[in-house]
Amino acid sequence: RGVRILTGAATDPYLNVRIVQNISTTMQDGLWINYNSTGAASANAIRFFTPGLTERMKILGSGRVGIGTSTPNEMLEVAGNVRATSFIATTVAAGAYKYNTTTNMNVPDYVFENYYLGCSNANPIYQMSNLQDVEEFIKTNHHLPRVPSREEILNDGVVNIQGLQMITLEKVEELFIYTIEQQAQIQKQQAQINMLIKQNQELVERINIVENK
């Protein structure tokens, strides 16, 4: 049992650290950390192996980390399921919110700002559609406005969870506005109904007075 640090010739770019069960074995039965200092971002990597020379994790020179994959395209890419107690998304990062006017996450308070103030500096191009336009859009496209379609998600090959969460919140806030408008309309109609009921009652009373004379 032991730790062996291996280096090749002076021109050899590799440095290997292997933790093995038996230092006299073929060196494949244990943990192998391999560093390649050739300079290329894809080659300059630290690799973690388990028995059988199976690569489990790779850290590229670019800082990208792959677990279950040796070619990560993101800062962390996992080929498999991930379990965590919570996920925290940054509010400032390139591509944080795919469907926005900026690269930063834009929490959709702009929905209410646009509705009550007439505009929003947070998202000046946002315009809330009326329900009739939304219905026509759904009939034509079979998904909500500004929500990515199934085809778009399949073509992208990924789902931006943070962006989709913000879009979902935008739609929830729009639903609240539609509900507020509908409630105002219901209250207005109820007031009109109450007035008609009152007028009808007064008319019935007058008719009864005339008939009883």
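(A) Region of the structure containing the packing of helix α1 (residues 110-117) against helix α4 (residues 161-212). It is at 9 Å that the axes of α1 and α4 come closest, and there the two elements cross at 35°. The residues of α4 that touch α1, namely those facing Y110, V111, F112, Y115 and Y116, are E170, E173, E174, I177, I180 and E181. Per-class residue counts for the contact of α1 with α4 are seven nonpolar, no polar and four charged.

(B) Quick look at the nonpolar core. Core analysis: the biggest nonpolar cluster contains seven residues, these being Y110, V111, Y126, M128, V134, I177 and Y178. Breaking this core down by element, the ones donating at least two residues are α1 and α4. Residues within four places of V111 in sequence aside, it is in contact with Y126, E170, E173, E174 and I177.

(C) Inspection of a nonpolar patch on the surface at higher detail. On the surface, a nonpolar cluster with roughly 750 Å² of combined accessible area is contributed by V107, Y115, Y116, L117, L169, V172, F176 and I180. Those elements that provide at least two residues to the nonpolar patch are α1 and α4. Top element by residues in the nonpolar patch is α4. It accounts for four residues. Among the secondary structure elements, Y115 is positioned in helix α1. Residue Y115 is classed as partly exposed on the basis of its relative accessible area, which comes to 33%.

(D) Here's a closer look at the confidence of the model for the protein. Per-residue pLDDT for the protein has a mean of 81; in total, 73% of the residues score no lower than 70. Contacts from residues 94-103, a stretch scored under 50 in pLDDT, to residues over four places away or in other chains number 36 contacts.

(E) Examining the side chain of S120 more closely. As for its placement among the helices and strands, S120 is situated in the loop between α1 and α2 (131-141). A polar contact of 3.3 Å, which involves the side chain of S120, links it to the backbone nitrogen of A122. Beyond its immediate stretch of four places on either side in the chain, S120 contacts Y110, E113 and N114.

(F) The arrangement of the pairing of strand β5 (residues 54-60) in detail. The sheet contact formed by strand β4 (residues 45-50) and β5 spans six bridges and is antiparallel. Paired with A45 across the two strands is L60, which belongs to β5. Taking the residues between adjacent antiparallel strands as the criterion, β5 and strand β6 (residues 65-67) are bridged by four residues, where G63 takes a positive phi near 100°.

(G) Representation of the pattern of salt bridges. Per the counting criterion, the structure on display carries seven salt bridges. K139 is the partner of E135 in a salt bridge, and the nearest nitrogen-oxygen pair spans 3.7 Å. Here E135 and its partner K139 are both found in helix α2, four residues apart, which amounts to about one turn of the helix. Connected via shared salt-bridge partners are R146, E170, K171 and E174.

(H) Representation of the packing of aromatic side chains. According to the stated counting rule, one finds two aromatic pairs in the structure shown. With centroids separated by 4.9 Å and ring planes inclined at 90°, the aromatic side chains of Y115 and Y116 adopt a geometry described as edge-to-face.

(I) Spatial organisation of the side chain of E173. Among the structural elements, E173 can be located in helix α4. Despite its burial, E173 remains without a salt bridge, the nearest opposite charge being carried by R146 at 10 Å. Those residues within four positions of E173 in sequence are excluded, and the remaining contacts are P108, D109, V111 and F112.

(J) Region of the structure containing unusual backbone geometry. Positioned with a positive phi, H142 is a non-glycine residue whose angle comes to about 60°. As for its placement among the helices and strands, H142 is situated in the loop between α2 and α3 (150-156). Here R146, not a glycine, exhibits a phi torsion of approximately 70°, which is positive. Within the fold, R146 resides in the loop between α2 and α3. Overall, R146 belongs to the partly exposed group, its relative accessible area being 31%.

Parameters at a glance
Residues numbered from 1 in each chain as written. Predicted model: local features only at pLDDT ≥ 70, side-chain atom pairs only at ≥ 80, totals over all residues. Heavy atoms only, no water. Axes fitted to C-alpha atoms, helices over the stretch in contact; angles between N-to-C directions. Helix = DSSP H or I, 4+ residues; strand = E, 2+ residues; numbered from the N terminus. Contact = heavy atoms within 4.5 Å. Nonpolar A, V, L, I, M, F, W, Y, C, P; charged D, E, K, R; others polar. Core = buried A, V, L, I, M, F, W, Y, C linked by side-chain atoms within 4.5 Å. Buried < 20%, exposed > 50% of the residue type's maximum accessible area, 1.4 Å probe, protein only. Patch = residues over 30% accessible without salt bridge, like charges linked within 9 Å, V, L, I, M, F, W, Y side chains within 5 Å. Areas by Shrake-Rupley, 256 points an atom, 1.4 Å probe, with all protein chains shown as cover. Salt bridge = Lys/Arg side-chain N within 4 Å of Asp/Glu carboxyl O. pLDDT = per-residue confidence, 0-100. Polar contact = N/O pair within 3.5 Å; in protein donor to acceptor, adjacent residues only side chain to side chain. Pairing = 2+ DSSP bridges. Phe/Tyr/Trp six-rings, centres within 6.5 Å; stacked < 30°, edge-to-face > 60°. Lys, Arg positive; Asp, Glu negative; His and termini not counted.

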